[in-house]
Each structure stands twice: as C-alpha cells, then as structure tokens.
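# Architecture and fold: a report
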Amino acid sequence: MADHETDEPSSRTGSPDGEGRVSGERLLLHQRLAVRELIDTELSYLHMLRLCASDIRSCLQQLPQGDLDVLFSNIDDVIKVNSRFLHDLQETASRKEEQVHLIGNLFLECHEELERVYKVYCASYDQALLLLDTYRREPELQREIQSIIEAVVPQAGPSGLSFLLVIPLQRITKYPLLLQKILENTVPDASAYPVLQRAVSALQDVNTNINEYKRRKEVASKYTKVEQLTLRERLARLNTHTLSKKTTRLSQLLKQEAGLVPRTEDKEFDDLEERFHWVSLCVTEMKNNVAVYLDNLEAFLRFRPQEYDLDIPGGPVVQHCSLMRDLQLQAFPHFKQRLKGLVWQPLCSLAKALAGPQNLIKKRLDKLLDFERVEEKLLEVGSVTYEEQEARHTYQALNSLLVAELPQLNQLATRWLGQILRTFVGLQRELAQQVLQRAEGSLAQLPHYHLSEPAFRKLVEDALGQTGHQLRSFQENFEKVLPPPTMQPLLPGAERQVQALLSRYGPEKLYQVTSSVSGAGTLDLTLPRGQIVALLQNKDTRGNSSRWLVDTGGHRGYVPAGKLDLYRVIPRQEEVKEQEWPHKDSRHLTPEPTPAPVPSVPVVTQVVAVYPFVARSSHEVSLQAGQLVTVLEAQDKKGNPEWSLVEVNEQRGYVPSSFLARAASPAPWGWSVPS
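Bear in mind the structure is a predicted one, so any value in this text is a computation, not a measurement. (Residues numbered from 1 in each chain as written. Predicted model: local features only at pLDDT ≥ 70, side-chain atom pairs only at ≥ 80, totals over all residues. Heavy atoms only, no water.)

## Observations regarding the sheet that holds strand β6 (residues 607–609)
One open sheet accounts for 5 strands, arranged β9-β8-β7-β6-β10; its pairing is antiparallel. Every interior strand has two partners, whereas the edge strands, β9 (651–656) and β10 (660–662), have only one. The mean inter-strand angle of the sheet, taken between neighbouring strand axes irrespective of direction, is 45°. Two elements, β6 and strand β7 (residues 628–633), share 2 bridges in a ladder whose sense is antiparallel. When the sheet's bridge partners are listed, Val608 is paired in β7 with Leu628. (Pairing = 2+ DSSP bridges. Helix = DSSP H or I, 4+ residues; strand = E, 2+ residues; numbered from the N terminus. Axes fitted to C-alpha atoms, helices over the stretch in contact; angles between N-to-C directions.)

The structure is reproduced here in structure tokens:
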C-alpha cells in the first residue's frame, strides 16, 4: 500500500496534464522575467538619458550652443516621452493578471509618439558623429570632454561621448526584441497574445519609418546647402555626365511645355510651395524694409541741429536743444541697439533658415523631370537601370519629405515673422512713449496744447480735409492745362518691329512692357521697359493667368501679366500737335498762302518738359517736369519726329518729342493755372 502511494505522484507528474502544467508555469516564469527586463532596462535607460541632459550637457558649456544643439538634439523631448512611458509601465505591475495585456496596449498607444521624437534624434545622429570627429582633431578639447564623461559615467570607457549618444538608437531598436521575447513566452490562446502581436508589428514599423525618414534627410542634406560659387567654379564642375543630365531635363521640360508629354500634377505640393513662396517673399520684403529703416535711422542720428549756433537767445530754443541732445545721446541709440538685436538679427536668421528649403524645392523640380522621364521609360520598356531607379527613389524621398515638413515650416515661419512684426511695433510704441515723457516739459509750449485729444483730432482732420480739397482743385486745374498722358516712348529703332507685330497680330494683341522684366525661369523672357510684344496666350501651361505667353518679333516666352499694358497705336505727330496746340489766337500767326505741316516739336528757342524723363543710354538726356529745354533738332538722325535733340543743363541728347510743350509764357513752370 505504501509503495502504491509512493508511486502515485510520480505517475501524476509524468502524465500529459502534468507536463502541460509544468510547461505553462515555465512560460509564465520566462514571461515575467521578460517583463521585468523591459521595466528594469527602461529605468536604467532613462537614468542615463537624464545624466546626459543635465550633468554632462551642463559641464560642456565651453562648447558653442550650436554644437550642443547638434550633439544632444531633442533629447529633452525623448526624456519627456520615455518618462511618461516608464511611469505607465510601472503602473502595470499592480495588476499582475493583466500586466502583459496592458503592456501591449501601452506600446500601441505610445508608438506614434515614440516615432515622432526618435526620428528627429536618429536623423541628427550622423551630424553629431561628424562633430565628434572634429573634436578629436583638438587633443586638449578631446581630453577635457573625456574627463567629464569618465567622471559622470565611468562605464563609458574610451568611447566617451559617442557611447552615450548612441544609447537612444539602441533603445528604440530593442523595443521590438523585448516585446517579441514576451510574446514567445505567452500561450497563443491567451487574450494578450493578439495585442502583443500588434504591438510587435507596430514597433517594427516605427523602426522602418525612422530608417526611411533618416534616408530622406540624408538625401535632402545634399541639396539644402546653398553654395556661393563663382562662374569659374561652376564651369569647373561641368562634365559630360552633368551636361547629359541637364540636356535630358531640358528636353523633358520642352516636351511638357509643348504638350507632347503629360506633366505630373501634385496639387498638395503646389499649394504648399505657393504658401512657402509667399512666406519667403514677405520675409525678404520685410528684411529690405528694415534695412532701409536702419539706414534712415543712421542718417537721422548723424544730423544734429542742436549742435549748431542758431543765434537765438534763451527760451524754447535752449529747451529744444536740450531735449534733442538727450534723445540723440540716449533714447535713439538705445532704440537702434534694441531694433538690431530684437528685429534685424532674428529676421536675418529667418531668411537664412529659409534658404535651404528654397534650394530643396528647386532641386525637387530637377528630380521631378528625372522621375517623369524614368516613369515614361518604365511604361515603354518595362525596366530601368540601377541609376534610373535611384533617381526615382531620390525624387520620392525629396517629395515625401517636403510634403511632410513644409506645412510645419510654413506655420513656424509665419509665427516667427508675426512675432518679429509685433516686436517691431512694440519697440516703436516704447520709443514714442519715451520721447513723450522726455518732452513733457516742452509740450506746454505747443500752440494747441490746451485742446483735448478729440478736439485736437478734429482740428487735424479739418486741416487735412481743407488741404486735400485744395490739392484736388489744383489737380483738376492742372489736368486741364497739361496735354493728355501719353504712352511710354518706343525704344529707338523699334518702329519696324512694331509695324511687323501690328500687321501680323493686329492692334488689339499688342502690349507694352511697363517696367523692366528679368526672366528667372527657362522659358521666361528678359525685356526692357517700353518693349512692344504681341500676346499669344493669357496663361501658361499650368493655367496660371499671371504669366502670359508673348512674341517679341524674334523670341517667344513668358512675361508677368502685371508688367504688360495694352498698347494704343499713337496717331501721327501732325494730329497730336494739332490737338495739343489749337490755334486759338490768329493774331499771333503769320498768314501764308499755303500752310506748312506742323512738326513734332515747334522749332523755337525754348520749350518746357511736360513730364519727367530718365535717360536710358548715353544718347539720351534726363528731364524734370517744368524744366526749360532748348530744341536743337525736331527729329532724330533717321528723320523720326518722335525723338528730338535737345540741350539741358549744358548736356545734349535725345528725349521723346511728346514729353515737350511750347513755352507759352515766361512763367517758371511754362503754364498758368486758369482761375
């Protein structure tokens, strides 16, 4: 009986149920060990990150701030995310039965946030390694850094800072392995099993996405560098391969412009690019305006009337000089210093930050042409070379990166620019308050100091209204006297070209360039002010109505629509002069049997310049409105009466005949305002 009892446990242990129970307990034990490893290593990892961010970074303050930003990247964001993650991990320990299930759900909830912060850190890791290589070339600096690392983290060894910087990369790649280990020790029919499977897959995708983002960044980094190369350096970079690529791209572009091949449409990117273009334009315009403002401020500070002897004894003059001296020496220089530090320097930094993306957008267009050509070949042949496949991947990487990051860049740049504008307005307001405070004693001497603000505002409005009425009356009288406005004069020698365009397209298709055009694109034209062109199409191939296709008589291309004005064919000079100077008083005319034709400009000693004119070559001479002009010849050397040879301020040259009028009286301006 005793033997039977002794053998019973042995037989129970060897049964399938017993073996299954032992296997389940072993799996549960390994599962708990894997969970414990996950939590313990996370705790140790977070401790190391905090050492890097606090102790080590604070001890490396001798390095430039820009270097510290590259070395430690967004480690503060990584610490913030992993701190919350560790806290939630530790919370799962209180619910042992559901711990594995909770861990799987936790990874599913946090994987997007982990990807967001780790992809930024991983993308900047290579740049941090390059920076460490430069430190190794300076033995003294390298020893100083190494001593700091060994004092804080002795286990770093000779690897030093590179040992610490690689830890986040190792951690994000280890998460799928730790989850896989927990999954392998979980029975398939457990409720946590499918959750863990999804968590493993999600963390693997996180690592894949980080690698892809890192690859895109590496591709983009080659094209974001803005190099200022001389013409000699650009020519030195040309080779057969480069010329072949550029020729192929130009051929693809011309095919698209001619409509032979379709153009790849990307509405999302086009909208983002247009938004970025306007932001860049606003930054450039504001930078130019602030530069002019600073120049004017500098000129204002150089002018010091209080230092001159006005020969006016005492009283308000002394008080005014004292106030101006105070403002010139304190208020205005302080304002200028703050303006440079709070407005000008941030504006320059913003413009510099936008230069890289601008270059990247330009490169994307080149890569798009390569991509379209390869896609066309792929459809025709069915296969492409390795180099062509790399060109496809390069375009896809650039396009994906720009589409993903341009919205944030546009938003940040707009916010940055708005803050600069608000700062500029605030500085102006503070300056006005300071001036008013310092001038408080002088305000009592103003003529209308006793008036309240509403009464003073009304006084100013009434004065401005009265002055405006006087100006309008003068303008109306002025326009009655002057000849009607004329078109911008034709360029010398352009009559034959205009006649050719007129006979080919008709007068309703002729336009005149109102200001000089500098072509930026491949098919854009460069035209001088006054050039006559014929309109071919009032939009480009993309349907953009702000770019018109025109014909100059020799070249065809695109011109901004805003710089074109409809050209009205000018009547003959005899008709114009007959309208401009009707014979009102026959007493001053010498009767002749046969009236001679009226020339373009009366052959008299002096006439008056009706409009200002700026000389564009050495053969022309500039005029000011109302200036007395001596006419030497009423036509040019070819007999064209539209240009007259004149003498002004002892200088000779040609001016448009229609810009001149008869000097009817010895009044300084050559005309009298009718009563």
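## Some remarks on the sheet that holds strand β5 (residues 564–566)
Strand order in the open sheet made by the 5 strands is β4-β3-β2-β1-β5, with antiparallel pairing throughout. Edge positions in the open sheet fall to β4 (556–560) and β5, since each of these has one partner strand only. Neighbouring strand axes in the sheet, compared pairwise and without regard to direction, differ in orientation by 50° on average. This element, helix α18 (residues 495–505), spans β1 (510–513), β2 (532–537), β3 (547–551) and β4 of the sheet and lies at about 25° to β2. (Contact = heavy atoms within 4.5 Å.)

## Focus on empty space enclosed by the protein
Within the structure shown, the criterion is met by 3 cavities of 30 Å³ or more. Lining the largest cavity are Leu132, Tyr135, Arg136, Gln142, Ile145, Ser159, Gly160, Leu161 and Ser162. Within the residue set of the lining of the largest cavity, elements represented by two or more residues are α6 (125–136), α7 (139–152) and α8 (161–165). In terms of residue count, α6 provides more of the lining of the largest cavity than any other element does, 3 residues in total. Residue classes in the lining of the largest cavity are distributed as 4 nonpolar, 4 polar and 1 charged. (1 Å grid on protein atoms, 1.4 Å probe; cavity = no way out; pocket = protein on both sides within 12 Å on 5 of 7 lines; lining within 4 Å. Points joined across faces, edges and corners; volume = space filled by probe spheres on them. Nonpolar A, V, L, I, M, F, W, Y, C, P; charged D, E, K, R; others polar.)

## Side note on the packing of aromatic side chains
Evaluation of the coordinates by the stated rule reveals 11 aromatic pairs. Three or more aromatic residues joined by ring pairs form one cluster here, namely Tyr611, Phe613, Trp643 and Phe659. The ring centre of Tyr213 lies 4.8 Å from the NZ or CZ of Lys119, which sits over that ring. Above the ring of Phe269, the side-chain terminus of Arg364 is found at 3.6 Å from the ring centroid. (Phe/Tyr/Trp six-rings, centres within 6.5 Å; stacked < 30°, edge-to-face > 60°. Lys NZ or Arg CZ within 6 Å of the ring centre and 35° of its normal.)

## As for the pairing of β4
Judged from the 5 bridges that link them, β3 and β4 form a sheet pairing that is antiparallel. When the bridges of β4 are listed, Val550 appears paired with Gly557. Hairpin remark: β3 followed by β4, antiparallel, with 4 residues in the connecting loop; positive phi at Gly553, about 100°.

## Quick notes on the pairing of β2
Regular strands have side chains that alternate between both faces of the sheet. Across 3 bridges, β1 lies against β2 in antiparallel orientation. Within β2, the position partnered with Leu510 by the bridge is Ala534.

## Here we look at a nonpolar patch on the surface
A contiguous nonpolar surface patch, about 340 Å² in accessible area, is contributed by Phe456, Leu459, Val460 and Leu464. For Val460, the location among the structural elements is in helix α17 (residues 453–481). Classification of Val460 as partly exposed rests on a relative accessible area of 33%. (Patch = residues over 30% accessible without salt bridge, like charges linked within 9 Å, V, L, I, M, F, W, Y side chains within 5 Å. Areas by Shrake-Rupley, 256 points an atom, 1.4 Å probe, with all protein chains shown as cover. Salt bridge = Lys/Arg side-chain N within 4 Å of Asp/Glu carboxyl O. Buried < 20%, exposed > 50% of the residue type's maximum accessible area, 1.4 Å probe, protein only.)

## Here's the deal with the environment of Ser201
Looking at the element boundaries, Ser201 is found in helix α10 (residues 192–221). Sequence separation between Ser201 and Leu108 is 93 residues; the distance between their C-alpha atoms is 9.6 Å.

## Observations concerning unusual backbone geometry
Most peptide bonds take the trans configuration, and most residues that are not glycine carry a negative phi. The backbone of Ser73 sits at a positive phi, close to 45°, despite the residue not being glycine. Here Ser73 shows up in the loop between α3 (65–72) and α4 (75–91). For Glu650, which is not glycine, the phi torsion reads 65° and is therefore positive. Within the secondary structure, Glu650 sits in the loop between β8 (643–648) and β9.

## Re the packing of helix α5 (residues 99–123) against helix α9 (residues 167–184)
One can describe the packing of α5 onto α9 by two numbers: an axis separation of 11 Å at closest approach and a directional angle of 160°. Between α5 and α9, the interaxial angle falls into the category roughly antiparallel. Relative to α9, the crossing made by α5 is left-handed. Here Val100, Ile103, Phe107, Leu114, Tyr118, Tyr121 and Cys122 of α5 come into contact with α9, specifically with Pro168, Leu169, Ile172, Tyr175, Leu179 and Ile182. (Parallel < 35°, antiparallel > 145°, perpendicular 65-115°, else oblique. Left-handed = near helix turned anticlockwise from the far one by under 90°.)

## Structural notes on the side chain of Ser657
Note that Ser657 resides in the loop between β9 and β10. Since its relative accessible area comes to 0%, Ser657 is described here as buried. Of the polar contacts made by the side chain of Ser657, one reaches the backbone oxygen of Pro641; its length is 2.7 Å. (Polar contact = N/O pair within 3.5 Å; in protein donor to acceptor, adjacent residues only side chain to side chain.)

## What to know about the side chain of Asn410
Here Asn410 is to be found in helix α15 (residues 386–438). What makes Asn410 buried here is its relative accessible area of 4%. Setting aside chain neighbours within four positions, we find Asn410 in contact with Leu272, Arg275, Phe276 and Val279.

## Digging into the pattern of salt bridges
Here the structure, examined in full by the defined rule, presents 25 salt bridges. Where Glu453 meets Arg457, a salt bridge forms, and the shortest distance between an N and an O atom there is 3.2 Å. Of this pair, Glu453 and Arg457 both sit in helix α17, separated by 4 residues, roughly a single helical turn. You can call Arg457 partly exposed: its relative accessible area is 49%. Taken together, the shared-partner salt bridges in this structure form one network comprising Arg84, Glu113 and Arg116.

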